[in-house]
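# Observations on the three-dimensional arrangement
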Amino acid sequence: MRTSALLAIGLVTLTLTPQPASAQRQRLSMDPGWRFTLGDPAGAERPAFDDHAWRRLDLPHDWSVEGTPRQDAPGGGRAGYLPTGTGWYRKAFRLPAGAARHQVWLEFDGVYMNSDVWINGFHLGRRPYGYSSFAYDATSHLVSGVNVVAVRVDNSAQPNSRWYSGSGIYRHTWLTIVDPLHVAHWGVSVTTPRVDSASADVAARISVENVSDAVRTGVVRSVALDGAGREVARVETPFSAPAGQTAVVEQRLRVEAPRLWSVESPHLYTLRSEVVEGQRSADAVTTPFGIRTIAYDRDRGFLLNGVRVKLKGVNLHHDGGAVGAAVPERVWERRLEVLKAMGTNAIRTSHNPPAPEFLDLCDRMGFLVMAEAFDEWTSGKVPEGYHRYFAEWSERDLTDFIHRDRNHPSIVLWSAGNEIGEQDTPEGVPVLRRLLDIFHREDPTRPVTTGNDHIAADGGRATLAFLNALDLVGYNYVDRWHERRELFAEQDRHDHPDWRMIGTESVSASDEFGRGYSLGNDSTVVRPNYTTGMLRAERLWKWVATHDYFAGDFMWTGIDYLGESMWPSKGFGSAPVDITGLPKATFYLYQSLWTDRPVLHLAPHWNWPGRRGQLIPVIAYTNCNSVELFLNGRSLGEKRLEFPAQGTSGGWNSYAQPYVAASTDDLHLTWDVPYEPGVLRAVGKRRDGTVACQAEVRTAGAPAAIRLAADRDTITTDPGDVAHVTFEVVDSAGTVVPSASDLVRFIVTGGAIVALDNADLRDHDPYQADRRHAYEGRGLAILRAAQPGRLRLAASVEGLREGSVEIVVRPGAAPAAIPAAR
């Protein structure tokens, strides 16, 4: 067993140090060139096994999303009625030149689930938890010729998840080559213990491993670089690592006039840590980090860099809709762009560790993250869930999770679990304390919470000992029980004034399963499905926004997702953003509350044949103070709102700003409008009477054409870079036809279709195809380029004018990769 030696040094600046030879670390992608089969063939771990008939593919890969939903699927609605099972992956490869006399690691960012890994027939290990990242030292089992890695993935025991998990090696894989004297895997920890506008102290803790049979000495040279790559601080610290042991080196660097990481300006630095032995550079790693402070105050809520920030959060599951669990980075980037535009500043990774690149994006884009570890502890929610592995694996899984992600400035809070069954039992407290001890031991800089849904529950209330043990008390559905529908956490504030509180999960403003509006199936009466879902969410947000001690809230959920469904639906559709990443109507409610930009959006669409004269509820989501609605040029009256409402100032009946005579206490405006085809137009004004914005919806004519629009003009050949092309069925004037469900056929040149979708969670057509029905006149194609040049997509609908779009493709900068050997 390896031991640790601890060395420390204070603030030191060294200059004019001779530069040693280049470091030897190589991190190479193992994603290309695998073979795959479903089933469980005997002997597939052996190098000589004949896999020539297996399917060829590149990773990441999710075989579940390639299937068709079936009502009798073993995972049921939890898995979106998609297939699961067992599968094998194999790859033959040669080591690159220079790998001799080095250590070689095989790294997996995520395999769902119960993975077993072999190299050249030797079993490297098993990991049950499908969301853990892990690595194996394969050095002693490699050969100079062709090496074969085999991975068995067993997702057959169902159900094992409450939501769609996917199946397979669904995240990236790597082969890392390091010197016998090297920085350990996830062996760098960076914190910023002291920060002000003049300077910041950066503390680095670096584990240097020596796997050789002799004592090794040298220095760890760490250089801090700003976002432009300029050196801003450096330090050198000597170390001595005994044979087969680890030296832990602690360093401090001072950065003058630091640029702080924040939601509005997520400035990142990089720490380059180099292990130098004599004049030889044995290893070097780079670690992005941010300079920022966080605090949770019992009265003021969450403080970022000393400034109170209300968390305007959403929960997100890990799937990307039509791409399943194997989510290209650009898919996540686009989704985060949409959430950012809505005003979201915080994300809870419900209910498991996310992909590493997801957190990289949150760092770069300025999101605050509650990073969650588990959905189950010892008490199960599904028969084959993580509770079966918790006793044996939870400490290792949790430690790996913290080590992997502790340097992300976006992470401001850890969550040890969601709606844990142990919250209301005496046995739960020791389990919680053990997890808290691990969190605090591995990362003392962030507090820990859990998402608790039984704080005021009938027949199983969370114990006071459990809640008191938490660093922050997390509320799932704070308004669920009894008088709390109106009072929320006020009783707890009275009874426990020292508690620091946060909303970990709450209802969203939408209760629609899909994107569609409905007035009911009876054309003689109006029964709308879109008029009440926002009321509970509005009431909650008004309370959260006006009570500083409640740090913020995370709605369920930010984006529609696969699983947790009832047939014939394959997904959960209550989010303000549909599963293709396009805004629904309630997106604009949150945008009106969470941003300062003028917002005015009308709902529903205005195509209701056979309902002339019926009263249609029309909703305006806006942060304008007054909105006047017009139908075909006729005024239907002005409605007004104000939140937060201002009180008198400077004297009786005197106001600092122009007075708003609000017509509602809701956070939206409504009119009952006798339906007639034409144009609904709304004009929004500020409190001073000036026009701030306008919106309209109009009756569409007959479908005339298919219209395509790409999210970007240029993409690259990087595998993680994809293009999103929306397709719309429009009339002759270019208005989307909301009743259109035409079958759209696609032809792509210069690339391939990754997936097609339309946001209809009841559509069971395969995602990997060349055709898709429109849903409410819309849909989405995700494309990947094959080579530099042009990527073109053409779309056709029988009887309509065709549409096409071209995208410029430039060479990418994907990481160097290990090709298949055959």
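Placed above this text is the structure.
What comes next concerns the included structure.

Quick notes on the rules
Residues numbered from 1 in each chain as written. Predicted model: local features only at pLDDT ≥ 70, side-chain atom pairs only at ≥ 80, totals over all residues. Heavy atoms only, no water. Axes fitted to C-alpha atoms, helices over the stretch in contact; angles between N-to-C directions. Helix = DSSP H or I, 4+ residues; strand = E, 2+ residues; numbered from the N terminus. Parallel < 35°, antiparallel > 145°, perpendicular 65-115°, else oblique. Contact = heavy atoms within 4.5 Å. Nonpolar A, V, L, I, M, F, W, Y, C, P; charged D, E, K, R; others polar. Core = buried A, V, L, I, M, F, W, Y, C linked by side-chain atoms within 4.5 Å. Buried < 20%, exposed > 50% of the residue type's maximum accessible area, 1.4 Å probe, protein only. Phe/Tyr/Trp six-rings, centres within 6.5 Å; stacked < 30°, edge-to-face > 60°. Polar contact = N/O pair within 3.5 Å; in protein donor to acceptor, adjacent residues only side chain to side chain. Left-handed = near helix turned anticlockwise from the far one by under 90°. Salt bridge = Lys/Arg side-chain N within 4 Å of Asp/Glu carboxyl O. 1 Å grid on protein atoms, 1.4 Å probe; cavity = no way out; pocket = protein on both sides within 12 Å on 5 of 7 lines; lining within 4 Å. Points joined across faces, edges and corners; volume = space filled by probe spheres on them. Pairing = 2+ DSSP bridges.

This next bit is on the packing of helix H1 (residues 329–342) against helix H9 (residues 585–594). Two elements in contact, H1 and H9, have axes whose closest approach is 7 Å; the angle formed by their N-to-C orientations is 55°. Of the possible angle classes, the one that applies to H1 and H9 is oblique. Within the contact between the two elements, H1 uses Val338, Ala341 and Met342 and H9 uses Phe587, Tyr590, Gln591 and Trp594. Residues belonging to the contact of H1 with H9 are distributed by class as follows: six nonpolar, one polar and no charged.

One finds Trp377 and Trp606 to be the most contacted residues of the largest nonpolar core, which totals 127 residues. Broken down by element, this core gets its largest block of residues, seven residues, from helix H4 (residues 428–442).

Enumeration according to the criterion identifies 34 aromatic pairs in this entry. Taking the centre distance of 5.8 Å and the plane angle of 25° together, the rings of Tyr269 and Phe289 count as stacked. Taken together, the residues span a long stretch of sequence, with Tyr269 in strand S17 (residues 269–277) and Phe289 in strand S18 (residues 280–289) at a distance of 20 residues. Summarising the burial analysis for this pair, Tyr269 and Phe289 share the class buried. Ring centres 5.8 Å apart and planes at 85° place the aromatic pair Trp556 and Tyr561 in the edge-to-face group. Side by side, Trp556 and Tyr561 carry an identical accessibility label, which is buried. Among the aromatic residues, ring-to-ring pairing joins Tyr112, Tyr129, Tyr131, Phe374, Trp377, Tyr386, Phe390 and Phe466 into one connected group.

A word on the side chain of Lys584. Of note, Lys584 is situated in the loop between strand S31 (571–572) and H9. Overall, Lys584 belongs to the buried group, its relative accessible area being 4%. A distance of 2.8 Å separates a polar atom in the side chain of Lys584 from the backbone oxygen of Gly573.

Viewed as axis vectors pointing N to C, helix H3 (residues 390–405) and H4 meet at an angle of 30°, and their least axial separation amounts to 9 Å. Taken together, the axis directions place H3 and H4 in an arrangement best described as roughly parallel. With respect to the hand of their crossing, H3 and H4 are arranged in right-handed fashion. Contacts from Phe390, Ser394, Glu395, Leu398, Thr399, Ile402 and His403 of H3 reach H4 at Val431, Arg434, Leu435, Ile438, Phe439, Arg441 and Glu442. A class-by-class count of the residues in the contact of H3 with H4 yields seven nonpolar, three polar and four charged.

Attention now goes to the pattern of salt bridges. Enumeration over the complete set of coordinates arrives at 61 salt bridges. Arg70 serves as the salt-bridge partner of Asp72, at 2.8 Å between the closest nitrogen and oxygen. Arg70 shares its class with Asp72; the two are exposed. Between Arg298 and Asp299 there is a salt bridge, and its shortest N-O distance comes to 3.9 Å. The partly exposed category is assigned to Arg298, whose relative accessible area is 38%. Judged by relative accessible area, Asp299 falls into the partly exposed class, the value being 38%. Through salt bridges with shared partners, a single ionic network connects Arg330, Glu333, Glu337, Asp711, Arg712 and Asp721.

In this section: empty space enclosed by the protein. Taken as a whole and judged by the stated rule, the model has nine cavities of 30 Å³ or more. In this structure, the largest cavity occupies an estimated 180 Å³ of space. Along its surface, the largest cavity is lined by 19 residues, and Tyr112, Tyr129, Tyr131, Asn160 and Tyr386 are the ones closest to its centre. Broken down by class, the residue content of the lining of the largest cavity amounts to nine nonpolar, six polar and four charged. Considering only enclosed or pocket space, the second largest cavity measures out at about 160 Å³ in volume.

With that settled, consider the environment of Trp481. Relative to the helices and strands, Trp481 is located in the loop between strand S27 (473–476) and helix H6 (484–487). Between the C-alpha atom of Trp481 and that of Asp453, which follows or precedes it by 28 residues, the distance is 9.8 Å. If sequence neighbours within four positions are ignored, Trp481 has contacts with Asp453, Ala456, Ala457 and Asp458.

This paragraph deals with the pairing of strand S34 (residues 626–631). S34 sits mainly inside the fold: five of its six residues count as buried. Judged from the six bridges that link them, S34 and strand S37 (residues 679–685) form a sheet pairing that is antiparallel. Directly across from Leu631, in S37, lies its bridge partner Leu680. With five bridges joining them, S34 and strand S35 (residues 634–640) adopt antiparallel strand pairing. Bridge pairing in S35 places Glu628 opposite Glu638. Counting the residues between successive antiparallel strands, the hairpin from S34 to S35 contains two residues, one of them, Asn632, with a positive phi of roughly 50°.

The next thing to look at is the sheet that holds strand S19 (residues 294–297). Taken in spatial order, the three strands make up an open sheet running S19-S20-S21, and their pairing is antiparallel. Two strands lie at the open edges of the sheet, namely S19 and strand S21 (307–308), each paired on one side alone.

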